[in-house]
Amino acid sequence: MAGLATSFGSGAMTNPIDDFLKASTLFVIGSNTTEEHPIIALRIKQAAQKGAKLIVADPREINLCRFANIWLRQRPGTDIALINAMMKVILDERLEDGEFIQERTEGFDEFARALRQVNVPEASQITGVPVEDIVEAARMYATSKPASIAYSMGITQHTHGTGNVMSLANLAMMTGNIGKPGAGINPLRGQNNVQGACDMGALPATLPAYQQVADEQVRRRFEAAWGMPVPAEKGLTVSEMTAAAGAGKIRAMYVVGENPVLSDPDSTHVRHALDNLAFLVVQDIFLTETAQLADVVLPASSFAEKDGTFTNTERRVQRVRKAIEPLAGTRPDWRITCAIAQRLSGHGFDYEGPEDIFAEIAAVTPSYHGITYERLEKGGIQWPCPDQSHPGTPILHVDGFARPSKKGKFVPVDYSGPAETPDEEFPLMLITGRRLTHYHTGVQTRRVKGLQELAPEELVEISPVDAETMGIEDGDMVRVSSRRGRLEAKSRVTERSLPGSVFMSFHYHESPANVLTNPALDPVAKIPEFKTCAVRVERI
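### Section: helix α12 (residues 216-226)
Here is step 1: Residues of α12 that are buried include every one of Val-218, Arg-219 and Phe-222, and no others. Along the long axis of α12, the arc covered by the buried residues comes to 95°, so they all point the same way. Of the exposed residues in α12, those oriented more than 90 degrees away from the buried face are Gln-217, Arg-220 and Ala-224.
Here is step 2: Those residues of α12 that are buried lie in contact with β7 (206-207), β8 (211-212) and α17 (354-364).
Here is step 3: At the N-terminal boundary of α12, the capping side chain belongs to Asp-215, with an oxygen 3.0 Å from the backbone nitrogen of Gln-217.
Here is step 4: Among the residues trailing α12, Gly-227 stands out with phi positive, at a value near 70°.

This is the structure in structure tokens:
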């Protein structure tokens, strides 16, 4: 996006994690880093303690706010208005990096014309962030370089998530903060091998290494490697599959290592869609809420029971080594998949082990061409790594962008707000996220006694202002309702919540937050709007 296709098309960090320690300024937006990515948060806090400036943009008072020079407390879903206002200040005060723009980018004149229409006081009204804070943050990011951006799903999980990311790309290019140590745009992945799964083509429109299925030359290369035709049409995203199942257009589904009954938006509809299937297969290490609905459950092995590789958020490919033998009756995922394919008369699924599979990955994936198990024995390698003499690529876009011109392209982004806003019936905005003690839908962590003792139940975080208005005291049982469903949980009255908003995690099946959330999709990325929906909170 915005000329940064290699990294943003894949959601990969442009710079390594340790580069946070080289930054003069860190801009963290849409990421509760200390709870969602605690190891990366340590680097950010270390950088701040060593003197780096820290800008945090988040509606909630997250832990990093205690280390921040500036906390921009924007209203949920107003990120584009905030970023555009910062860029307008940079343009007005001539703080942009003219040399970088001239030599490394294109489309700036058109972008600047659009940016001149931005009104900073109006943006302040939209976001709730004082004008003086917007100005100070813009000056800090533009002048104290190198400056690094870190973001997570608080940016992407909106109906305008693509626009959010493109705005950040514009900001980084405008100030020359790309392709340099301590700079870059760094999306923090939500799970340990999400990056690797996407690299392998686990996306509806791509083959491995983000090669487009619509490209005939790409399909021909894979057809030659695999000895079979490759469909030219892109597939469906998870949300689109759920909708199709509910409409009866998909009759069977194979779910691997995912728990959509708790993790997907409007989960009442998700249950209906899965119930509407003629056949549901779930492959997992526990009998999840989704597996309980399945016709067949295939018991898989955990990470500690298998060999292979993970590719982490900084594009680092690393070996995973089996520590213990798989439990009786379980198999590693690759063995299950190959066994099913062979029973369906599939060819090419006779691998001897994960190393064979990785050799094929390297052969068909240009960014992995130079990576082998032998090299990985000496440590992880960051892609792209085009040949076996290449050391890997810690920093992307050093010599150019992944476009024919090698130049990054500015794309104007107009502000658009959340798909659903508060009204008289549903006067509060719900923000969802994770907590430090539990992980995702709690399938694994809620089985750990110590973690359960720390966080045994869901808490609805509400500001003292809203709590007083609604007659709610800390610890009261409350009912939270949206246009899609309702749940009950205990309240936590806290200054962490911005007045007009409440926060919940989605770890607890007893209080499933995604009963409430909005399945409206980003029109480009097709990501649901998990991060904002209108709700009502009532004391029971």
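### Things to note about the domain arrangement of the protein
Here is step 1: Assigned domains within the protein: domain 1 (2-188), domain 2 (194-382) and domain 3 (428-539).
Here is step 2: Listed as interface residues are 23 residues of domain 1 and, on the opposing side, 25 residues of domain 3.
Here is step 3: Of the roughly 2,000 Å² buried where domain 1 meets domain 3, counting both sides, 53% is carbon and sulfur surface.
Here is step 4: Summed over the shared surface of domain 1 and domain 3, the result is two salt bridges.
Here is step 5: Here Glu-35 and Arg-496 are joined by a salt bridge, their closest N and O atoms 3.3 Å apart.
Here is step 6: Where domain 1 touches domain 3, the interface holds 12 residue pairs in polar contact (both at pLDDT 80 or more).
Here is step 7: Mapped by element, the contributors of at least two residues to the side of domain 1 that touches domain 3 are α2 (33-36), α9 (153-156) and α10 (161-174).
Here is step 8: The residue makeup of the side of domain 1 that touches domain 3, split by class, is five nonpolar, 12 polar and six charged.

### Let's talk about the environment of Trp-383
Here is step 1: Counting through the fold element by element, Trp-383 comes out in the loop between β14 (381-382) and β15 (408-409).
Here is step 2: Spatially, the C-alpha atom of Trp-383 lies 18 Å from that of Lys-406, the residues being 23 residues apart in sequence.
Here is step 3: Of the polar contacts made by the side chain of Trp-383, one reaches the side chain of Asp-199; its length is 2.7 Å.

### A short note on unusual backbone geometry
Here is step 1: Geometrically, the link from Lys-145 to Pro-146 is a cis peptide bond, its omega value of 5° lying close to zero.
Here is step 2: The topology assignment puts Pro-146 in the loop between α8 (131-143) and β5 (147-151).
Here is step 3: In the segment running from Trp-383 into Pro-384, the intervening peptide bond is cis, with an omega of 0°.
Here is step 4: Examined against the element boundaries, Pro-384 turns out to sit in the loop between β14 and β15.
Here is step 5: You will see that Asp-266, though not glycine, has its phi angle at about 50°, which is positive.
Here is step 6: Here Asp-266 is to be found in the loop between α14 (260-263) and α15 (267-275).
Here is step 7: In this structure, Ser-345 is a non-glycine residue whose phi angle is positive, near 65°.
Here is step 8: Looking at the secondary structure, you find Ser-345 in the loop between α16 (333-343) and α17.
Here is step 9: The class for Ser-345 is exposed, based on a relative accessible area of 56%.

### As for the sheet that holds strand β1 (residues 25-29)
Here is step 1: Read from one edge to the other, the open sheet built from five strands follows the order β3-β2-β1-β5-β6, with strand pairing classed as parallel. Every other strand in the sheet has two partners, leaving β3 (70-72) and β6 (185-187) as the edge strands with one partner each. Averaged over all pairs of adjacent strands, the angle between strand axes in this sheet comes to 15°, irrespective of strand direction.
Here is step 2: Pairing of β5 with β6, which is carried by three bridges, proceeds in the parallel orientation. Counterpart to Tyr-151 in the pairing with β6 is Pro-187.
Here is step 3: The sheet contacts of helix α4 (residues 79-92) involve β1, β2 (53-57) and β3, and relative to β1 the element is tilted by about 155°.

### What to know about the nonpolar core
Here is step 1: In terms of nonpolar packing, the biggest core is built from 46 residues, with Phe-27, Leu-72, Ile-149 and Met-174 touching the most fellow members.
Here is step 2: At eight residues, α4 tops the list of elements feeding residues into this core.
Here is step 3: Beyond its immediate sequence surroundings of up to four residues, Leu-72 is in contact with Ile-55, Val-56, Ala-57, Asp-58, Leu-82, Met-86, Val-129, Asp-133, Ile-134 and Ala-137.

### Structural notes on a negative patch on the surface
Here is step 1: Residues Asp-350, Glu-352, Glu-355, Asp-356 and Glu-374 make up a contiguous surface patch of negative charge.
Here is step 2: With respect to the element layout, Glu-352 can be found in the loop between α16 and α17.

Criteria and thresholds
Residues numbered from 1 in each chain as written. Predicted model: local features only at pLDDT ≥ 70, side-chain atom pairs only at ≥ 80, totals over all residues. Heavy atoms only, no water. Buried < 20%, exposed > 50% of the residue type's maximum accessible area, 1.4 Å probe, protein only. Helix = DSSP H or I, 4+ residues; strand = E, 2+ residues; numbered from the N terminus. Arc of directions from axis to C-beta. Contact = heavy atoms within 4.5 Å. Polar contact = N/O pair within 3.5 Å; in protein donor to acceptor, adjacent residues only side chain to side chain. Domains from an automatic or database assignment. Buried area = accessible area lost by both parts, 1.4 Å probe. Salt bridge = Lys/Arg side-chain N within 4 Å of Asp/Glu carboxyl O. Nonpolar A, V, L, I, M, F, W, Y, C, P; charged D, E, K, R; others polar. Pairing = 2+ DSSP bridges. Axes fitted to C-alpha atoms, helices over the stretch in contact; angles between N-to-C directions. Core = buried A, V, L, I, M, F, W, Y, C linked by side-chain atoms within 4.5 Å. Patch = residues over 30% accessible without salt bridge, like charges linked within 9 Å, V, L, I, M, F, W, Y side chains within 5 Å. Areas by Shrake-Rupley, 256 points an atom, 1.4 Å probe, with all protein chains shown as cover. Lys, Arg positive; Asp, Glu negative; His and termini not counted. Charge placed at Lys NZ, Arg CZ, Asp CG, Glu CD.

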